[in-house]
Amino acid sequence: MQRGTLYCLALGLLVATLFALNLVMGSVRIPVSDVVSILAGHEAAKPSWQFIVMESRLPQAITAALCGAALAVSGLMLQTAFRNPLAGPSIFGINSGAGLGVALVMLLLGGSLQAGSVSITGFVAILVAAFVGAMAVMAVIFFFSNIVRNNVMLLIIGIMTGYISNAAISLLNFFATDEGVKSYMVWGMGSFGGVSMQMMPAFASITIAGLIGALLLIKPLNALLLGDRYAENLGISIVRTRNWLLIVTGLLTAITTAFCGPVAFIGLAVPHIARLLLTTDNHRVLLPATILCGAVVALVCNLICYLPGESGVIPLNAVTPLMGAPVIIYVITKKN
């Protein structure tokens, strides 16, 4: 336990360091002293620097840390509950549901939502569509979770739901205009830059609430490691625990996908990185460490995206597989 605490402290320091680097580094070179001055509330040497730091880099760093933590802890809970090392936030088709919602708005409705006299356009329409699509799939999975008692069968239902959503997206892409397809592809590349400081309170409060919900599930998750019968003997309801787990992971996945797009591999790979570091399955240590590891990996990915400097920004989903895929390959070969 002491070793785990030390690892968590080290990861916390690493998160703080990477967060600071995300504020200093970017496609525009800003002296460190000016970044510190801007954060302290002083006037910047150039007005554009003030905007870049406070309206771009700061919300992007906060978003990366929260999104990484949310996806990582979702992956850990799903892998524990379903006893499947390849389970992740996208396994139940929640990402696909969000993608279908966005595809309907971008490819079918022309980028706007109309409800009576209220019309929503642009990024807000995409945000609403992604969240509604993700939560709709979550509602379907939650419905089947009360009918199907077998975890493997529920996993298969989730995968099939994802396939159905992807099939609908393919049909929409086939009949859409070139501009619509391009816009949808850009959203699908993922980005931590979609949350402004005005939207940050909503994004942060929902994500933090989900993370707190995950921390409250530590005891049931530890009991599930010993088997369903043992957990029931301890007074833990398997169905209730699974339902709460689906609600928490669904909410975290929906909010991150809605704001950041379908971010790949973080939820799948980071729990394994945390296990390799701690060499334990005790969620009292593993779950907080996974949250911190998720923030670390997401902040590193965000830094890598800006390596080209003034030449441009690398898409997020072109970076996350480079970090996540080797971890999954290692886990598969080790278990084999």
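Keep in mind that what you see is a predicted model, and the values were worked out from it rather than measured.

### Here's the deal with the packing of aromatic side chains
Turning to step 1, where the next piece is worked out: Enumeration according to the criterion identifies four aromatic pairs in this entry.
Turning to step 2, where the next piece is worked out: When the ring of Tyr184 is compared with that of Trp187, the centres are 5.8 Å apart and the planes differ by 35°; the resulting orientation is tilted. Note that Tyr184 and Trp187 are positioned in helix H7 (residues 178–188) at a spacing of three residues, about one turn of the helix. An identical accessibility class is assigned to Tyr184 and Trp187; each is buried.

### Comments concerning helix H3 (residues 47–81)
Turning to step 1, where the next piece is worked out: Its 35 residues give H3 an end-to-end C-alpha distance of 50 Å, which sits within 8% of 51 Å, the value for a rise of 1.5 Å per residue.
Turning to step 2, where the next piece is worked out: Its maximal kink placed at Val53, H3 deviates by approximately 30°.
Turning to step 3, where the next piece is worked out: Within H3, 27 of the 35 residues are buried, leaving the element largely enclosed by the surrounding structure.
Turning to step 4, where the next piece is worked out: Two residues or fewer past H3, Arg83 is found with a positive phi of approximately 50°.

### Concerning the side chain of Gln79
Turning to step 1, where the next piece is worked out: Structurally, the position occupied by Gln79 is in helix H3.
Turning to step 2, where the next piece is worked out: A polar side-chain atom of Gln79 sits 3.2 Å from the main-chain carbonyl oxygen of Leu268.
Turning to step 3, where the next piece is worked out: With residues up to four places along the chain from it excluded, the contact list for Gln79 reads Asn84, Pro85, Ala87, Gly267, Leu268, Pro271, His272 and Arg275.

Scoring rules and cut-offs
- Residues numbered from 1 in each chain as written.
- Predicted model: local features only at pLDDT ≥ 70, side-chain atom pairs only at ≥ 80, totals over all residues.
- Heavy atoms only, no water.
- Phe/Tyr/Trp six-rings, centres within 6.5 Å; stacked < 30°, edge-to-face > 60°.
- Helix = DSSP H or I, 4+ residues; strand = E, 2+ residues; numbered from the N terminus.
- Buried < 20%, exposed > 50% of the residue type's maximum accessible area, 1.4 Å probe, protein only.
- Expected span 1.5 Å × (residues − 1).
- Bend = angle between axes of the 7 residues up to and from the residue.
- Polar contact = N/O pair within 3.5 Å; in protein donor to acceptor, adjacent residues only side chain to side chain.
- Contact = heavy atoms within 4.5 Å.

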